[in-house]
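# A structural walkthrough
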Amino acid sequence: MIERGDRYSTGAIVLHWTVAVLILVNLFIGLFHESLLEGVRVMPLHKSIGVTVLVLSVARLAWRLAHRPPQLPDGMAAWEKTLAKGVHWVFYLLMLAMPLTGWIFSSNPARPRPFDWFGVFQLPLLPVSGGAAAAAHEAHELLGWLMTALVLLHVAAALRHHFIQHDKVLVRMAPWFRRNA
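Below, the structure is looked at part by part. (Residues numbered from 1 in each chain as written. Predicted model: local features only at pLDDT ≥ 70, side-chain atom pairs only at ≥ 80, totals over all residues. Heavy atoms only, no water.)

With that settled, consider the side chain of R172. With respect to the element layout, R172 can be found in the segment after α4 (130–165). With no salt bridge to any partner, buried R172 finds its closest opposite charge in D6, at an N-O distance of 7.3 Å. At 3.1 Å, the side chain of R172 forms a polar contact with the backbone oxygen of P70. (Helix = DSSP H or I, 4+ residues; strand = E, 2+ residues; numbered from the N terminus. Buried < 20%, exposed > 50% of the residue type's maximum accessible area, 1.4 Å probe, protein only. Lys, Arg positive; Asp, Glu negative; His and termini not counted. Salt bridge = Lys/Arg side-chain N within 4 Å of Asp/Glu carboxyl O. Polar contact = N/O pair within 3.5 Å; in protein donor to acceptor, adjacent residues only side chain to side chain.)

Right, let's get into unusual backbone geometry. Phi angles above zero are rare outside glycine, and F118 is one such case at about 50°. The phi angle at H166 is positive, at roughly 55°, despite the residue not being glycine. Inspection of the secondary structure assignment puts H166 in the segment after α4. The class for H166 is exposed, based on a relative accessible area of 60%.

Moving on, we get to the environment of L143. If you trace the backbone, L143 turns up in helix α4. Linking L143 and M95, residues 48 residues apart in sequence, is a C-alpha distance of 9.8 Å. Excluding its chain neighbours within four sequence positions, the residues that come into contact with L143 are L94, A97, M98 and T101. (Contact = heavy atoms within 4.5 Å.)

Since the α-helix advances by 3.6 residues per turn, residues separated by three or four positions end up pointing in the same direction. Here helix α1 (residues 10–32) spans 33 Å end to end across 23 residues, near enough to the 33 Å set by a 1.5 Å rise per residue. All buried positions along α1 are accounted for by G11, A12, I13, L15, H16, V19, L22, I23, N26, L27 and I29. (Expected span 1.5 Å × (residues − 1).)

On to the nonpolar core, then. Residues I23, V53, F91, M95 and M147 are the most contacted members of the largest nonpolar core, which totals 17 residues. Looking at this core, the elements that each hand over two or more residues are α1, α2 (43–66), α3 (78–106) and α4. For this core, the element with the highest residue contribution is α3, accounting for seven residues. Ignoring anything within four residues of it in the chain, the contact list for M147 reads I23, L27, F91, L94, M95 and M98. (Core = buried A, V, L, I, M, F, W, Y, C linked by side-chain atoms within 4.5 Å.)

One can find L54 in helix α2. Judged by relative accessible area, which is 12%, L54 ranks as buried. Sequence separation between L54 and A174 is 120 residues, and the spatial gap between their C-alpha atoms is 23 Å.

Remark: α1 packs on α4, axes separated minimally by 11 Å, with the N-to-C direction vectors making an angle of 130°. Here α1 lies oblique to α4, going by the angle between them. Judged by the sense of rotation from one axis to the other, the crossing of α1 with α4 is left-handed. Taken together, the residues of α4 that come into contact with α1 (itself represented by H16, I23, L24, L27 and L31) are G144, W145, M147, T148, V151 and H154. Partitioned by chemical class, the residues of the contact of α1 with α4 number seven nonpolar, four polar and no charged. (Axes fitted to C-alpha atoms, helices over the stretch in contact; angles between N-to-C directions. Parallel < 35°, antiparallel > 145°, perpendicular 65-115°, else oblique. Left-handed = near helix turned anticlockwise from the far one by under 90°. Nonpolar A, V, L, I, M, F, W, Y, C, P; charged D, E, K, R; others polar.)

This part takes up α2. The first and last C-alpha atoms of α2 sit 34 Å apart over 24 residues, in line with the 34 Å expected at 1.5 Å per residue. Where α2 is buried, its residues meet α1, α3, β1 (115–117), β2 (121–123) and α4.

Here is the structure:
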């Protein structure tokens, strides 16, 4: 049985899964736009999703700071709890840094790549130097690999908790489990 205090709030669940899906789509586009998606204009979509992730991540961080998450299970080792909390804060950092480095890279004055948000409005280019844009490009790629690794770790940990530990860690964030199930 999942009690109300053992589960994330509806707002946290909606923000988590919305941002998670957007990040997965953007990781796929970022990793495969030059091979599997060659010839398809996916970068405008990639950039629009990135800006959406940035805005939703700010909202998610504000939500997280205003709403306490449920406690981790008592049976978890202290190192596991520390690692889980650390990974979550690194996720927040990456959810902000990835879109910002992409935006800085797109603002390179030597080769500006203006973009609009899903065709609705154009985002301004940032006033950056070519050196900052080049550094942001490198950072964006490295952070993308770090995000990919952390997503895999996060999914593996959630599945471990559910299928091996048999605790409620996955259930408390999963919308497909009812509160009183």
